[in-house]
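Structure assessment
Each chain, letter by letter, is given below.
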Amino acid sequence: MNFAVGLKPLLAEARSMESLEKQLICPICLEMFTKPVVILPCQHNLCRKCANDVFQASNPLWQSRGSGAGPSGGRFRCPSCRHEVVLDRHGVYGLQRNLLVENIIDIYKQESARPLHAKAEQQLMCEEHEDERINIYCLRCEAPTCSLCKVFGAHKDCEVAPLPAVYQRQKVGDPQGWGNGHGVGGSPSATPTLLRPQSELSDGIAMLVAGNDRIQAIITQMEEICRTIEENGRRQKQHVGLRFDSLCSILEERKKELLQSIAREQEAKVQRVRGLIRQYGDHLEASSKLVETAIQAMEEPQMAVYLQHSKELLKKITDMSKVSMSSRPEPGYESMDHFSINVDHVAEMLRTIDFQPEALGEDDGDGPTDSSEGVGDEESLEAPEAAEDVGPRQKPLSSPHGQH
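Predicted model, so just to flag it, every value in this text is computed and none were measured.

Considerations on the overall build of the chain
Assigned secondary structure in the chain consists of 10 helices and eight strands. Per-residue burial over the chain gives 26% buried out of 404 residues. Taking all contacts inside the chain whose residues are at least 6 apart in sequence as the whole, residues at least 24 apart take part in 57%. Of the roughly 27,400 Å² that the chain leaves accessible, carbon and sulfur atoms contribute 57%.

Quick look at the structure:
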């Protein structure tokens, strides 16, 4: 059964009520007019309270009725058309009430308070017989219909039941015994599943509500999972950050030790060479002074004086020439290449750092597996550099000081 004919008046009525409501709105408070409604000289309407508020705002010196002396009358502009409204000494109370609008508001409120299904039942008409209301229910076709359809129309051979009884049965149960198969115009065996002891619509609603509860429980559970994932991710990020900070600390410590080793040998070599420089400098200074003294002796004009000093000078020259100046650094002594290191394999190992498969599902990053992981990484990182440093640290420094 098509109810388009019956629903069209309902839609039209709804649109008419909405249009009527718009005409009953006060332009000041934007609510439906409140009694008593006053009509202005420009034929526009206002709530009396709103009109009084506008009037008082435009005439602050005006005194209300019975308040004593004050200027008589006043004026304000209509909020709808800006027409100037002049009032006498009675103020807005001297304006005429719009009884027609008041009555319309009362009727509108009564009409709006009626249940929607009551309106639908009153106006739902049969599509085939436009003047007939829908008042019975076909149990075989499971559709509402009218009496003429049962007598002359498509449902004349069908079993029917009163529409209120079927409505009551489907909504609240079977108080009148329609579930026993006692329809109208048919046999008990023809009773469809529609009139079962339990309401299908109520059962369907209960099933949907239960399903919604389950879905809400699942959503709540998944939201909790999201929060747990975020918390675990934050904890693991912090844990991984601490592990890498530990590795950086080991690298910095090892770097400091290796640089100190280089600095120690550098200082030792430089001190030795500077000692030789001082030794050769002292010898050069003494030899230069002896040369000056010998030159001055060669210029002595007196033979006795010359012969007296020449013997001593010859002995000093002979002793100076016998001093050994062979102490010097051996070839390659200045090289520091033995302190070079190769970290390519360590860098490659660092690039291959990854999560342990058995630790992927663990929430607690401080477990035994994680601890062993940290120890292994630190040992593997430190061991190659320690092995490379054995050579330079154990190699004795060449000490040619014994050749003086």
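Topic: the sheet that holds strand 7 (residues 143-145)
Hydrogen bonds between backbone groups are what pair the strands of a sheet, and the pairing can be parallel or antiparallel. Here we have three strands laid out as an open sheet, ordered 7-6-8, and antiparallel in their pairing. Of all strands in the sheet, those bounded by a partner on one side alone are strand 7 and strand 8 (160-162). Direction aside, the axes of adjacent strands within the sheet are offset by 35° on average. Summarising the sheet, strand 6 (residues 136-138) and strand 8 pair through three bridges and their orientation is antiparallel. Directly across from Tyr137, in strand 8, lies its bridge partner Ala161.

Some thoughts on helix 3 (residues 99-113)
Relative to the 21 Å expected for 15 residues at 1.5 Å per residue, helix 3 spans 21 Å between its end C-alpha atoms, a close match to the ideal helical length. Regarding helix 3, the residues found buried are Val101, Glu102, Ile105 and Tyr108. What you see down the axis of helix 3 is that its buried residues fit within an arc of 125°, all on one side. Exposed and facing more than 90 degrees away from the buried side of helix 3 are Leu100, Ile107 and Gln110.

Considering a nonpolar patch on the surface
Taken together, the side chains of Ile215, Ile218, Ile219, Met222, Ile225 and Ile229 define a hydrophobic patch exposed on the protein surface, amounting to about 540 Å² of accessible area. Relative to the helices and strands, Ile219 resides in helix 7 (residues 200-298).

Observations concerning the environment of Met336
Checked against the element boundaries, Met336 lands in the loop between helix 8 (303-322) and helix 9 (344-351). Overall, the relative accessible area of 26% leaves Met336 in the partly exposed class. Residues contacting Met336, with those up to four places away along its chain left out, are Ile262, Gln266 and Lys269.

Here's the deal with the confidence of the model for the chain
The predicted model of the chain has a mean per-residue pLDDT of 74, with 70% of residues at 70 or higher. Looking at the elements of the chain, mean pLDDT is at its lowest for helix 10 (residues 368-394), recorded as 41, and at its highest for helix 7, recorded as 91. Within the model, the stretch residues 175-198 combines pLDDT values under 50 with 50 contacts to residues more than four positions away or in other chains. The model gives residues 363-404 a pLDDT under 50, and that stretch makes 64 contacts with residues more than four places away or in other chains.

Overview of the packing of aromatic side chains
This structure, assessed with the given rule, holds one aromatic pair. Summarising the aromatic geometry, the rings of Phe55 and Phe76 are spaced 6.1 Å apart at their centres and angled 70° between planes, so their arrangement reads as edge-to-face. With a gap of 21 residues between them, Phe55 in helix 2 (residues 48-58) and Phe76 in strand 3 (residues 74-77) connect regions that are remote in the sequence. We note that Phe55, like Phe76, is buried. Over the face of the ring belonging to Tyr333 we find Arg272, whose NZ or CZ atom lies 4.8 Å from the ring centre.

A closer look at the pairing of strand 4 (residues 84-87)
Across the two faces of strand 4 the burial differs, with Val85 and Leu87 buried and Glu84 and Val86 not buried at all. As judged from the four bridges shared by strand 3 and strand 4, these two strands associate in the antiparallel manner. Bridging from a neighbouring strand, Arg77 pairs with Glu84 of strand 4. Hairpin geometry of strand 3 and strand 4 is characterised by an intervening segment of six residues between the two adjacent antiparallel strands and by a positive phi of about 65° at Arg82.

Overview of the nonpolar core
Grouped together as the largest cluster of nonpolar side chains are 23 residues, with contacts concentrated most on Leu24, Phe33, Leu40, Phe76 and Leu87. Taken together, the elements giving at least two residues each to this core come down to strand 1 (37-39), strand 2 (45-47), helix 2, strand 4 and helix 3. Look past the residues within four positions of Leu24 in its chain and what remains in contact with it is Glu31, Met32, Phe33, Val101, Ile104, Ile105 and Tyr108. Leu124, Ile134, Cys146 and Cys149 belong to the second largest nonpolar core, which has five residues in total.

What to know about a negative patch on the surface
A contiguous patch of negative charge, built from Glu127, Glu128, Glu130 and Asp131, is present on the exposed surface. Within the fold, Asp131 resides in the loop between helix 4 (116-123) and strand 6. By relative accessible area, Asp131 is classed as exposed at 72%.

Topic: the sheet that holds strand 1
The three strands lie next to each other as 2-1-5, forming an open sheet whose pairing is antiparallel. Only two strands of the sheet have a single partner each, and these edge strands are strand 2 and strand 5 (96-97). One ladder, built from two bridges, connects strand 1 with strand 5; its direction is antiparallel. The residue bridging Ile39 from the neighbouring strand is Gln96, located in strand 5.

Some thoughts on the pattern of salt bridges
Under the counting rule described, the total for this entry stands at 13 salt bridges. Arg234 is the partner of Glu231 in a salt bridge, and the nearest nitrogen-oxygen pair spans 2.5 Å. Of this pair, Glu231 and Arg234 are both found in helix 7, three residues apart, which corresponds to roughly one turn of the helix. We note a salt bridge from Glu257 to Arg254, for which the minimum N-O separation is 2.5 Å. With Glu257 and Arg254 both in helix 7, this residue pair falls three residues apart, about one helical turn. For Glu257, a relative accessible area of 30% translates into the label partly exposed. Arg254 gets classed as buried once you look at its relative accessible area, which sits at 6%. Three or more residues joined by partner-sharing salt bridges are found here, namely Glu231, Arg234 and Arg235.

Definitions and cut-offs
Residues numbered from 1 in each chain as written. Predicted model: local features only at pLDDT ≥ 70, side-chain atom pairs only at ≥ 80, totals over all residues. Heavy atoms only, no water. Helix = DSSP H or I, 4+ residues; strand = E, 2+ residues; numbered from the N terminus. Buried < 20%, exposed > 50% of the residue type's maximum accessible area, 1.4 Å probe, protein only. Contact = heavy atoms within 4.5 Å. Areas by Shrake-Rupley, 256 points an atom, 1.4 Å probe, with all protein chains shown as cover. Pairing = 2+ DSSP bridges. Axes fitted to C-alpha atoms, helices over the stretch in contact; angles between N-to-C directions. Expected span 1.5 Å × (residues − 1). Arc of directions from axis to C-beta. Patch = residues over 30% accessible without salt bridge, like charges linked within 9 Å, V, L, I, M, F, W, Y side chains within 5 Å. Salt bridge = Lys/Arg side-chain N within 4 Å of Asp/Glu carboxyl O. pLDDT = per-residue confidence, 0-100. Phe/Tyr/Trp six-rings, centres within 6.5 Å; stacked < 30°, edge-to-face > 60°. Lys NZ or Arg CZ within 6 Å of the ring centre and 35° of its normal. Core = buried A, V, L, I, M, F, W, Y, C linked by side-chain atoms within 4.5 Å. Lys, Arg positive; Asp, Glu negative; His and termini not counted. Charge placed at Lys NZ, Arg CZ, Asp CG, Glu CD.

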